[in-house]
Amino acid sequence: MISFLGRTGQFTLEQIAAMGRMFSFLVASIFFAFRPPAKIYLIIHHIKTIGVESLSVVALSGFFTGMVMGFQGYYSLRKFNAESWLGSATALGLLRELGPVLSAFMVTGRTGSAMAAELGTMRATEQIDALDSMAINPVKYLVTPRIIASLIAMPLLTAIFDVIGIFGSYLVGVSLLGVSSGSFFAGMEGAVVLHDVYSGFLKSLSFGLIITWICCYKGFHAPPMATGVSQATTESVVLSFVFILIWDYFLTSIML
Amino acid sequence: MIRVANLHKSFRSQRVLKGVNLECASGKITTIVGTSGCGKTVLLKHLNRLLLPDKGEVFVDGVDITKLSQTELYEIRSKFGVLFQGAALLDSMTVFDNVAFPLREKTQTSESDIKKKVDERLEQVGLGRMGDKFPAELSGGMKKRAGLARALIMDPQVVLFDEPTTGLDPVLATSIHQLIARTQEAFGFTGVLVSHTIPQVFDISDYVAMLADGVIEEVSPPKAFRTSTNPVVQQFIQGKTEGPIQVL
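Bear in mind that the values here come from a model prediction, so they are computed numbers and not experimental data. (Residues numbered from 1 in each chain as written. Chains lettered and ligands numbered in written order. Predicted model: local features only at pLDDT ≥ 70, side-chain atom pairs only at ≥ 80, totals over all residues.)

This part covers the interface of chain A and chain B. Taken together, the contact between chain A and chain B spans 10 residues of the former and 14 residues of the latter. Taken together, the residues of the side of chain A that touches chain B sort by class into 4 nonpolar, 3 polar and 3 charged. (Contact = placed C-beta atoms within 7 Å. Nonpolar A, V, L, I, M, F, W, Y, C, P; charged D, E, K, R; others polar.)

What follows is the structure, encoded as structure tokens:
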């Protein structure tokens, strides 16, 4: 019994220490964002990696999500003779919830895992030590530009997801199922307020931070071996998904 | 000069360094030898505080670097060049960009001056026409040479070499040793080299230090080291399995 309590206590202390290390890593990454010189060329490079290179997968998933919402929304709303509300239902669902969350999932799978694997490999091959030994802060050089880039790219990707999703829903609802085009857009215009857009924007911004923070942390501290890199990659994706969903709940409850 | 005093380091329950004392003379090459896994690289990584000791001090030009803030530490690290075991070239950059990297990041040198200096260093290490290659396109020996060029680009006062010839054939290993000796003579840096390729490494060393069981067993010039009466040194030099060094 005592040994069980001891193990539980040790496990708890280790988890608290790990969380502390994660938060101090985040604080350091943000701190370096305000210390010149800014690595503009690295930020642009990572905007391309996180944003431009994720564009196709985000657009595709947005399109199909919107189409599914078109079908499901039509099916549900028809029960109440409210098919004309399809536009507003889709827009609210995408702008407030599905757009930020699903595009964050896509970016985690597409870019977050690659970040963890790249930094993990750099750790294993002593490239991070090499930066440190050249008196170049590896967090400032490797992590901070990625965080800034994700803060810029994530809201843009989410906006693209939303627009393409609404277009997908329009295609299904209006072109396929016969909902009136006028009522589709009129309902959307009446129901969506600026607060809904802000809410989605804030979520996408914070999800961008969460993804980069967790994936960079896991990669940066990966055990220096092949299994260490794969473990870090898996953990970074799973933990990002979990954090995104938990943080989404809190933000939704605050901003509803 | 680098001086290590009573250095202790453990990883979880494994005690690697158990009170290391060592002095590395300025402008000379000190080679740390010892069996695989005895803690040579761990000791080397303490010399520019890539690792922080559990106990003990590391003095660089009289300054205890274990107690420095990060800003102060980075000033000290600017005096160092490091050649890592696998060269640790940044694989997203060409050889030229790797060697130019410290100049671009740490100085205000113009691109034309950077090009001149990088080309000169690459020429010195025999990679004059390899600047536009990526690390993945280089052989092991070429990577080490590129790593050496990068380590020397800031004209360091101290260069740390972590097993520079591991994984290379004897001919290539000798050429890397000669390159280290030649560059040391040209630049006059203090060299600390970790290796277990004996006796070849004796030819370029001014002092040889033997690390065994977490402590420095002996430090002496190569000639005296070879004839040492210390049984640990003799077992290592002769490659015997029986003796004070425990072999699994």
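Moving on from the coordinates now.
All names here are of chain B. Domain boundaries in chain B define domain 1 (1-79 + 157-248) and domain 2 (88-155). Just the C-alpha atoms count here: the centres of domain 1 and domain 2 sit 25 Å apart. Of the residues lining the interface, 10 residues belong to domain 1; the matching set on domain 2 comes to 12 residues. The greatest single-element share of the side of domain 1 that touches domain 2, amounting to 5 residues, is contributed by helix H6 (residues 170-187). (Domains from an automatic or database assignment. Helix = DSSP H or I, 4+ residues; strand = E, 2+ residues; numbered from the N terminus.)

Attention now goes to the sheet that holds strand E3 (residues 29-33) of chain B. Residue and element names in this part refer to chain B. Ordered by their spatial adjacency, 6 strands build an open sheet running E6-E7-E8-E3-E9-E10, and the pairing between neighbours is mixed. Two strands lie at the open edges of the sheet, namely strand E6 (80-83) and strand E10 (215-220), each paired on one side alone. Across the sheet, the mean angle from the axis of one strand to that of its neighbour is 15 degrees, orientation sign disregarded. Looking at chain direction, E3 and strand E8 (residues 190-194) are connected through 4 bridges and run parallel. Paired with Ile29 across the two strands is Gly191, which belongs to E8. In the packing of helix H8 (residues 231-238) onto the sheet, contacts are made with E3, strand E9 (207-212) and E10, and the angle to E9 comes to roughly 100 degrees. (Pairing = 2+ DSSP bridges. Axes fitted to C-alpha atoms, helices over the stretch in contact; angles between N-to-C directions.)

Further remarks concern the pairing of E3(B). Where a strand is regular, its side chains alternate between the two sheet faces. Residues and elements named next belong to chain B. Burial analysis of E3 places 4 of its 5 residues in the buried class, the great majority of the element. Two strands pair when backbone bridges link them, and E3 and E9 are joined in this way by 4 bridges, in the parallel orientation. Bridge assignment links Val33 to a residue of E9, and that residue is Met210. (Buried ≥ 20, exposed ≤ 12 C-beta atoms within 10 Å, placed from the backbone.)

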